Amino acid sequence: MSAPFAKPKDAVTTPLNEGPCVPFIPLSQGYSIEATPKAILGDRVEWGAVPEGTRIFIPQFPKNTPEEMLACAKRLQGMGFKPIPHVTARRLADKREFERLLSKLVAEAAVDEILLLAGGDDTPHGQLGNTLELLESGVIERVGIRRIGVAGHPEGHPEATQDALDRALAIKNAFSVETGIPLYIVTQFFFDADPFIAWERRIREQGNRLPIHAGLPGLASGPSLLKHAMACGVGSSVKVLRRNMTGLRGLLGLSWRGQDPGRIVKALAVSKERDPASNLAGFHFYALGAFDLTVKWANRFAQTRG
């Protein structure tokens, strides 16, 4: 059994959420989705299918520059969407660069929400190695960011112990209370609801009060899903994916055969109904190269099932 959350020194322990539970946002009331800079700045996405006001996350790849991130945020704002840039600690030189980046995003693209990530680089590019250093820098409060997403790992992290993940989550809870800035968790994607349900209950019992947005795989190809799952350390859910691939032909096919994200959405909705105190608050899609297909599926599912 994992150790309970260790309380940071002088941490405030006032609950983050009033009332018995976090309001659950079904798919019919909106979702967030990730779109690559190439997709955002290109001309192949069917933006007309994306509901107005949709929160669109902008991942930060090694080859993408801060200028491209800013251009993406500006374009999304201009089309009526809400841009949420990824800010990766290990790709920043120092806290000064962090402040310059956020200041530009706020001033020039009206960004008020970001997703903070440590990053998968083995060696930091500069002086920063994790999201806690960004939270403790004071930069976020100074530049006017109003809401922050942080990563969640229902099936663990390939490079972090469970105790380390628990400790970091406790500090993030305390930061939200102390600063008054709402934080929420966006999880890595998964293919099976059971590990997520067990993880959410465990961290809640240990003190988590941050709302959780469940990460869902988009309608990407089988090879793409498997590649990203292995790279991100998705564990037991990979077995579910493999079971639903019809042999080698299925694995190399153009669709995730045998199921779609609806199975997970429905399972999580039922779980929330049975356990209203759950911190599950919404859904986030990782399109993984299938942005248009994922948006169309989500819209159709929302209309037919909510």
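All chains use their own residue numbering, which begins from 1 and follows the written sequence. Local features in this predicted model are restricted to residues of pLDDT 70 or higher, and side-chain atom pairs are both shown and tallied only at a pLDDT of 80 or more, whereas totals for entire chains, interfaces and linings draw on every residue. Processing note: side-chain calculations cover all non-hydrogen atoms of the structure and skip hydrogens and water entirely.

A. Summary view of the packing of aromatic side chains. Think of it this way: a Phe, Tyr or Trp ring, Trp meaning its six-membered ring, pairs with another when their centres are within 6.5 Å, and the plane angle makes it stacked under 30 degrees, edge-to-face over 60, tilted otherwise. Within this structure, the stated rule accounts for 10 aromatic pairs. Considering the side-chain rings of phenylalanine 24 and phenylalanine 283, the 5.8 Å spacing of their centres and the 80 degrees angle between planes classify their relative orientation as edge-to-face. Placement of phenylalanine 24 in the segment before β1 (32-34) and of phenylalanine 283 in strand β8 (residues 280-286) is noted, with a sequence separation of 259 residues between them. Accessible area is worked out with a 1.4 Å probe on protein chains only. A residue is then buried under 20% of its type maximum, exposed over 50%, and partly exposed in between. We classify phenylalanine 24 as partly exposed; its relative accessible area is 24%. Using a relative accessible area of 2% as the deciding quantity, one classes phenylalanine 283 as buried. These aromatic residues form a ring-pair network of at least three members: Tyr31, Phe285, Trp297 and Phe301. Working rule: Lys NZ or Arg CZ, within 6 Å of ring centre, within 35 degrees of ring normal, means a charge sits over the ring. Above the face of the tyrosine 184 ring, arginine 147 is positioned so that its terminal group lies 4.3 Å from the ring centre. The numbering of helices and of strands both runs from the N terminus, where a helix is a DSSP run of H or I of at least 4 residues and a strand a run of E of at least 2.

B. Summary view of the packing of helix α2 (residues 66-78) against helix α3 (residues 95-109). Every axis in this analysis is a line fitted to C-alpha atoms, fitted for helices over the stretch in contact. Angles between the N-to-C directions lie between 0 and 180 degrees. At a minimum axis distance of 10 Å, the contact between α2 and α3 shows a crossing angle of 25 degrees. Taken together, the axes of α2 and α3 are roughly parallel relative to one another. The crossing of α2 and α3 is right-handed. In this structure, α2 contributes Pro66, Met69, Leu70, Ala73, Lys74 and Gln77 to the contact, and α3 contributes Leu101, Lys104, Leu105, Glu108 and Ala109. Basically, the charged four are Asp, Glu, Lys and Arg, the nonpolar ten are Ala, Val, Leu, Ile, Met, Phe, Trp, Tyr, Cys and Pro, and anything else, Gly included, counts as polar. Looking at the contact of α2 with α3 residue by residue, the classes come out as 7 nonpolar, 1 polar and 3 charged. Each angle gets one of four labels, with under 35 degrees taken as roughly parallel, over 145 as roughly antiparallel, 65 to 115 as roughly perpendicular, and the rest as oblique. If you view the pair so one helix is near and one far, a crossing is left-handed when the near helix is turned anticlockwise from the far one by less than a right angle, and right-handed when it is turned clockwise. Residue contacts follow a heavy-atom distance rule, with two residues in contact if any of their heavy atoms lie within 4.5 Å.

C. Geometry of the environment of glycine 138. Along the polypeptide, glycine 138 turns up in the loop between α4 (131-135) and α5 (139-143). Sequence separation between glycine 138 and glutamate 99 is 39 residues, and the spatial gap between their C-alpha atoms is 9.3 Å.

D. Representation of unusual backbone geometry within the structure. The residue alanine 110 is not glycine, and still its phi comes out positive at about 55 degrees. For leucine 288, which is not a glycine, the phi torsion comes out positive at approximately 55 degrees. In this structure, leucine 288 sits in the loop between β8 and α12 (291-304). You can call leucine 288 buried: its relative accessible area is 15%.

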